Each structure stands twice: as structure tokens, then as C-alpha cells.
Amino acid sequence: MKIILLPFSGLYWLGTFIRNKFFDWGILQSKKYKKPVIAVGNLSVGGTGKSPFVIYLIDLLKDKYLMGILSRGYGRQTKGYQFANYETTFEDIGDEPMQFFERFRNKIVVGVDEKRIRGIKNMLKDFNPDLFILDDAFQHRYVKAGLNILLTDYSKPYYEDEVLPAGRLREGKYAAKRAQIVIVTKCPDSFTEKERDRIQSKLNLQPSQALFFSRIVYENRVISSNYSFKLENLVNFHILLITGIAKYNEILSFSEQNFETVTHLNFKDHHNFTNADIQVIEKKYKEISGNKMILTTEKDYMRLKHFQQIKNYLFYLPISIEIDRAEDFEKLILNYINKN
């Protein structure tokens, strides 16, 4: 199948290459801003850990600056510019922007717009943030980001992938040169220096590009709308794990290591749960005996928490990331902001 699709990938590659050249040559215009603009994105379609990384940046900067977090709002049921407030739901802005807002309600401004220039214009008018973080915006070149951060998954780095539809890349590997910072995400705990050197060699970055490695860290607790429990108190629990994310292997493996048993129901990424889905979940939950709960990701929780049928036993597992040489990384971020 991959061989059959390669000619179509060649056409897709050519189309994205010409588009990028039009931006490079100035035929298509990129708008620059006086305020700092940080774009976080990837070359592949989903699953590289953008949301935890945006959360990392927010944690780093939330006490120093008023940040405008701007996303396209994938999966929302609205169009145009929307901003998050206390009455907003994931249907208005999407699950990931809702996740940012719920975590940092009084610290940041969260907006969505499929046209990022319009979104920035409206957020400047409404809130005048000190800086912008653009989520999933590496390919959105109509905005000239001052700092581009490119993420690539350890288990499937972009140099081992192909352009759509034969692979999962949105544009050719050449596009990585636009990034000032490249981060290899979801590295295993057993990561060695030899492995780092091998990946660095394969990435073949420019001297001006900074390379970092990160790993996912699960917090030692689960959270619901009313409760929070430490994991050590749940070791004898039977878990119904619900996922609607691009890659679920990490949370599934973690759950199997920390709970008595795990029953897994997987849905497509950004799945819009229906009452029929909840009936399936309820039925599966009733089949489980003993101490039990429904566990999901923080992103999926945004789309599940309004279903009253499961709300009382629905919990999510918060995650964060750790970056090697974190001080060097944070210094790069702060230096860029302070200079701009």
C-alpha cells in the first residue's frame, strides 16, 4: 500500500514545497508582530505531545507575563474567533484549548481561530497579552513566529517518515530547518547518551538549531471534578480506561503498571462522544467488579465530564513533561521574550 501511495506523496510534497517557497520568496506574505510569538508544532499528523509541551511553556511563563494561547480549535462546533470564559465548553473552542483554560483559568487568555492573524488581532484588541503561544502552528506561515519549536516523537521521528498519504508528514523533512528549537518527545526512561548521539546524527540539524529531549511524567494522582486520590491508594482498583487521543500506548502501559486490572476502550483522536458511546462505557463499567473507576486523559476529560451518567466515577490522569538541560531550554525561551 505504501508503494502505491508514494506517487501521491510526491505530489503532496511538491504542493507543500511550492507553498513554502512562495512564503520564502515573499509571494505569500507572513505578518510580523512587535510582540513575541512562539509557534509550537510538528511535521507529522498528531501524537507528538504538543499539549503537554504548551502546558510546560505556560507553567514557565505564567507568573511573568500575560499570555495569549491561540489555537485553531480542532473539533469545535463553532467557526471564527472565540475566546474562553467561565461559560465556555469544549464544543465552543475544542478540547485542547479547553484543557489549557481549565488548568490556568486566571493566568492566561485562551482563544481559537482558524485564521491566526484574525485571532491575534482580536486577542490584542480584547486582552492585549504580552506574548502569544500558537498551538499546532508550524505550518501556519501567514503569521511570522519569532520562535518556532518543532516536536518529533521518539518512536516515530520525522526522518523515518514519509509525506502524506504514504506516511504521516504534513510537509517534507526539509521544513525542519525553519525551527530554532527541535525537541524529541516521549523519550523512554532508559534513554542513553549513545541513543541521543544517534538521533542527533540522524536529525542533521544546523549549528544554529538547538536540540533537546523530553519525556512524559505522570503525576501521582487522579482527579475528578470533586476529588483527588493518590495512586498508591488505588493499587487494588480495576480501571476502565477511555482514550480518544492519537497515541494511547503510554497511558495504557502506565495504567497496567499501577492498577490491578485495566479494561481499555479506544476511540479516534478528538472523538466527539455521544450518548450511545456513554451507554457502551456504562455497560462495560458495570461488568467490572470490585473497587473500580473510569480513567481517561485530561484532554478526553474535557469531552466526557458533562455526561452526568458517568461523572461520579470519572477521573483523569494529569501529565507533564521533563526536558533534559531544562535550564538551557528555559534560558533560550526567556532570552527570546526579553529581547522582543
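Residues numbered from 1 in each chain as written. Predicted model: local features only at pLDDT ≥ 70, side-chain atom pairs only at ≥ 80, totals over all residues. Heavy atoms only, no water.

Account for the pattern of salt bridges, naming residues and giving values.
Summed over the entire model, instances satisfying the criterion amount to 27 salt bridges. Put simply, Arg141 and Asp24 hold a salt bridge, and the shortest N to O gap is 2.9 Å. Residue Arg141 is located in the loop between strand 5 (131-135) and strand 6 (147-153), and its partner Asp24 is located in helix 1 (residues 2-25); the two are separated by 117 residues in the primary sequence. For Arg141, a relative accessible area of 11% puts it in the buried group. The closest approach of N and O atoms between Glu195 and Arg198, which form a salt bridge, is 2.9 Å. Note that Glu195 and Arg198 are positioned in helix 6 (residues 193-203) at a spacing of three residues, about one turn of the helix. Given the relative accessible area of 18%, Glu195 is considered buried. Judged by relative accessible area, Arg198 falls into the partly exposed class, the value being 36%. Beyond isolated ion pairs, a larger network of salt bridges with shared partners links Arg76, Asp113, Glu114 and Arg118. (Salt bridge = Lys/Arg side-chain N within 4 Å of Asp/Glu carboxyl O. Helix = DSSP H or I, 4+ residues; strand = E, 2+ residues; numbered from the N terminus. Buried < 20%, exposed > 50% of the residue type's maximum accessible area, 1.4 Å probe, protein only.)

Now, about empty space enclosed by the protein: what can you tell me, with residues and values included?
The final tally for this structure, using the stated rule, is two cavities of 30 Å³ or more. By volume, the largest cavity is sized at about 80 Å³. Considering the residues around the largest cavity, the lining is formed by 14 residues, among which Ser44, Thr48, Asp153, Lys156 and Asp161 are closest to the centre. Considering every element that reaches the lining of the largest cavity, the biggest residue donor is strand 6, with three residues. By residue class, the composition of the lining of the largest cavity is four nonpolar, five polar and five charged. In this model, the second largest cavity occupies a volume close to 60 Å³. (1 Å grid on protein atoms, 1.4 Å probe; cavity = no way out; pocket = protein on both sides within 12 Å on 5 of 7 lines; lining within 4 Å. Points joined across faces, edges and corners; volume = space filled by probe spheres on them. Nonpolar A, V, L, I, M, F, W, Y, C, P; charged D, E, K, R; others polar.)

I'd like a description of helix 4 (residues 95-103), backed by residues and values.
Since the α-helix packs 3.6 residues into each turn, any two residues three or four apart lie on the same face. Judged by how many residues are buried, helix 4 sits mostly within the fold: seven of nine residues are covered. Taken together, the buried positions of helix 4 are occupied by Asp95, Glu96, Pro97, Met98, Gln99, Phe100 and Phe101. Structurally, helix 4 contributes buried residues whose contacts are with helix 2 (50-61), strand 2 (67-71), helix 3 (90-93), strand 4 (108-112), strand 5 and helix 9 (298-304). (Contact = heavy atoms within 4.5 Å.)

Outline unusual backbone geometry, supporting the account with residue identities and numerical values.
In this structure, the amide linkage connecting Leu164 to the following residue, Pro165, adopts the cis form with an omega of 0 degrees. Looking at the element boundaries, Pro165 is found in the loop between strand 6 and strand 7 (181-185). With phi around 55 degrees, Asp136 is a residue other than glycine that occupies positive phi space. Take Asp136: it is sitting in the loop between strand 5 and strand 6. With a relative accessible area of 24%, Asp136 lands in the partly exposed category. Positive phi values are uncommon outside glycine, yet Lys186 reaches one of about 60 degrees. When you line up the elements, Lys186 lands in the loop between strand 7 and helix 6. Overall, the relative accessible area of 15% leaves Lys186 in the buried class.

Describe the pairing of strand 14 (residues 314-317), naming the residues involved and giving the relevant values.
Note on strand geometry: in a regular strand, side chains alternate between the two faces of the sheet. Residues of strand 14 alternate between two faces, with Leu314 and Tyr316 on one and Phe315 and Leu317 on the opposite face, all of them buried. Where strand 13 (residues 292-297) lies against strand 14, four bridges are found, and the strand directions are parallel. By the bridge assignment, Leu295 is partnered in strand 14 with Phe315. Considered for its hand, the β-α-β crossover made up of strand 13, helix 9 and strand 14 is right-handed. (Pairing = 2+ DSSP bridges. Right-handed = clockwise from strand over helix to strand, strands pointing away.)

How would you summarise the nonpolar core if you had to cite specific residues and measurements?
Of all hydrophobic cores here, the largest spans 56 residues; its most connected members are Phe53, Ile149, Ile281, Phe329 and Ile333. No other element matches the eight residues that helix 2 contributes to this core. Residues within four places of Phe53 in sequence aside, it is in contact with Val40, Ile149, Leu151, Ile183, Ile321, Ile323 and Phe329. Ranked by size, the runner-up nonpolar core spans 18 residues in total, among them Phe191, Ile199, Leu203 and Phe213. (Core = buried A, V, L, I, M, F, W, Y, C linked by side-chain atoms within 4.5 Å.)

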